[in-house]
Amino acid sequence: MRRVKHLIFWLVVIGIILLLFSTHVIAENDFSRQRYALVNVIKAEIMTARGFLNQESLDERVLDTLLKVPRHEFVRDTERPHAYTNSPLPIGYGQTISQPFIVAIMTDLLQLKKTDRVLEVGTGSGYQAAILAELADSVYTIEIIEPLAKQAAENLKRTGYDAVHTRSGDGYYGWEEAAPFDGIVVTAVASHIPPPLIKQLKPGGRMIIPVGAQFMTQYLVLVTKDANEKVTTRQILPVSFVPLTGKH
Ligand code: SAM
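Here's what I pulled together on the structure shown here. If you're wondering where the values come from, they're calculated on a predicted model, not measured in any experiment. (Residues numbered from 1 in each chain as written. Predicted model: local features only at pLDDT ≥ 70, side-chain atom pairs only at ≥ 80, totals over all residues. Heavy atoms only, no water.)

## Focus: the site of the ligand
What counts is decided by this rule: We call a residue near a given molecule or strand whenever any one of its heavy atoms falls within 4 Å of it. Whenever a nitrogen or oxygen atom comes within 3.5 Å of another N or O atom, the pair is scored as a polar contact, on the condition that within protein one atom can donate a hydrogen and the other can accept it, and that pairs from neighbouring residues in sequence are kept only if both atoms are in side chains. Counting from the N terminus, the helices are the DSSP runs of H or I reaching at least four residues and the strands are the DSSP runs of E reaching at least two. Amino acids are sorted into nonpolar (Ala, Val, Leu, Ile, Met, Phe, Trp, Tyr, Cys and Pro), charged (Asp, Glu, Lys and Arg) and polar (every other residue, Gly among them).
In the neighbourhood of the ligand, 27 residues make up the surrounding shell, with Ser-125, Glu-143, Asp-170, Gly-171 and Thr-245 lying closest. A distance of 2.9 Å separates a nitrogen atom of the ligand from a polar side-chain atom of Glu-120. Gln-128 is positioned such that a nitrogen or oxygen atom in its backbone is 3.0 Å from an oxygen atom of the ligand. Mapped by element, the contributors of at least two residues to the shell around the ligand are β2 (95–97), β3 (117–121), α5 (127–135) and β4 (138–143). Ranked by residue count, the leading element in the shell around the ligand is β2, at three residues. Partitioning the shell around the ligand into residue classes produces eleven nonpolar, 13 polar and three charged.

## Focus on the environment of Ile-102
Stated precisely, the cut-off is as follows: Should any heavy atoms of two residues lie within 4.5 Å, those residues are considered in contact.
Among the secondary structure elements, Ile-102 is positioned in helix α4 (residues 100–110). Separated by 44 residues in the primary sequence, Ile-102 and Glu-146 have C-alpha atoms spaced 24 Å apart. Apart from residues lying up to four places away in sequence, Ile-102 is in contact with Val-239 and Phe-241.

## Description of a nonpolar patch on the surface
What counts is decided by this rule: Here a patch means residues that are over 30% exposed by relative accessible area and free of salt bridges, tied together within 9 Å if like-charged and within 5 Å if nonpolar (Val, Leu, Ile, Met, Phe, Trp, Tyr). Working definition of accessibility: Shrake-Rupley area with a 1.4 Å probe, residue cover restricted to the visible protein chains. Salt-bridge detection follows one rule: a side-chain nitrogen of Lys or Arg within 4 Å of a carboxyl oxygen of Asp or Glu. Only protein chains enter the calculation, and the probe is 1.4 Å; a residue is then buried if its accessible area is under 20% of its type maximum, exposed if over 50%, and partly exposed in between.
There is a patch of nonpolar side chains on the surface, built from Val-4, Ile-8, Val-12 and Ile-16 and spanning about 350 Å² of accessible area. Within the secondary structure, Val-4 is located in helix α1 (residues 2–48). In this structure Val-4 comes out as partly exposed when scored by relative accessible area, which is 46%.

## With respect to the pairing of β3
Looking along a regular strand, one sees the side chains alternate between the two faces of the sheet. Definition in use: Look down the strands so they point away from you; if going from the first strand over the helix to the second traces a clockwise path, that crossover is right-handed. By definition, two strands form a pair when at least two bridges between them are found by DSSP.
Most of β3 sits out of view: four of its five residues are buried. Crossover β3 to β4 through α5 is right-handed. The sheet contact formed by β3 and strand β6 (residues 181–186) spans four bridges and is parallel. Residue pairing for β6: Val-121 is matched across the bridge by Val-186.

## Things to note about the packing of α4 against α5
If you want to describe how two helices pack, look at the angle between their axes and the distance between the axes. In plain terms, the rule: With axes taken as lines fitted to C-alpha atoms, and helix axes fitted only over the stretch in contact, angles between N-to-C directions fall between 0 and 180 degrees. Each helix crossing is assigned a hand: it is left-handed if the near helix lies turned anticlockwise from the far helix by less than a right angle, otherwise right-handed if that turn is clockwise.
Between α4 and α5, the least distance of the axes is 11 Å, while the angle of their chain directions is 35°. Where α4 crosses over α5, the handedness of that crossing is right-handed. Only Tyr-127, Gln-128, Ile-131, Leu-132 and Leu-135 of α5 make contact with α4, whose side of the interface consists of Val-103, Thr-107 and Leu-110. A breakdown of the residues in the contact of α4 with α5 according to their chemical character gives six nonpolar, two polar and no charged.

## Concerning the side chain of Asp-108
To keep things clear, this is the line we draw: Neither His nor the chain ends contribute to the count of charged residues, in which Lys and Arg are positive and Asp and Glu negative.
As for its placement among the helices and strands, Asp-108 is situated in helix α4. With no salt bridge to any partner, buried Asp-108 finds its closest opposite charge in Arg-206, at an N-O distance of 7.3 Å. A polar side-chain atom of Asp-108 sits 3.0 Å from a polar atom in the side chain of Gln-55.

## Describing unusual backbone geometry
Among all residues save glycine, negative phi is the norm, and among peptide bonds the norm is trans. Put simply, Ala-179 and Pro-180 share a cis peptide bond, and its omega is 5°. For Pro-180, the location among the structural elements is in the loop between β5 (165–168) and β6. Phi at Gln-111 is positive, roughly 50°, even though this residue is not glycine. On the secondary structure map, Gln-111 appears in the loop between α4 and β3. The backbone of Glu-229 shows a phi angle near 70°, a positive value even though the residue is not glycine. Looking at where Glu-229 falls in the secondary structure, it is placed in the loop between β8 (218–225) and β9 (231–239).

Dropping the structure here:
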């Protein structure tokens, strides 16, 4: 009788483990399907915005990273059901994880190579940093709100992107010890292009930054520095970002 009870006990334990495992697998498959659908939405939006972008599609490598990086791991539990809608979502402290369409465009415009060193200003949830980590050699990211920086570092570690260098501070001044950068992406709107960031951009490098003011017209601006250090800017498309804060 004791042996039967023992056997039943272990059968129940194994059953529970199998149930939990299969629920996890089903959920992951579902997230993967949702990422696929999201990428199709982004492709359609790129076509709609082609007049601004001067291109009708994005680099396949960028689309592949969107298929791979688990955005649901970078949002709060309550936002998980919406993780793969093409919209920004709240991440606390009045901040947002950016709209996937915008993340895709900003990443594409950097034209990253596997050997590149990239700086992100405005870590937020860590999602954009994870996307960059898939495409570049090293990623440095700065967040001005300390608890968000801490949460993003945890998100990146949990999802296997622990090689991303994170720091809390004012990204207006860049990350001097790690400069120069092949690419810089600023994910909060600035009234002007921060001179320290221009200085920390390599000759041949590209920076993408929203410029304007909160609740006013903002434009995504592509800044390029040529081999002779000549800096050129190009307005890409109107956007809406939270402000670049700090004492600068
Ligand atoms: N890239 C983020 C992601 O993937 O979740 C979204 C970034 S959110 C739109 C903009 C972030 O910039 C906010 O978290 C905000 O706190 C941060 N920020 C604003 N001003 C900053 C500054 N001067 N230096 C660093 N981060 C700043």
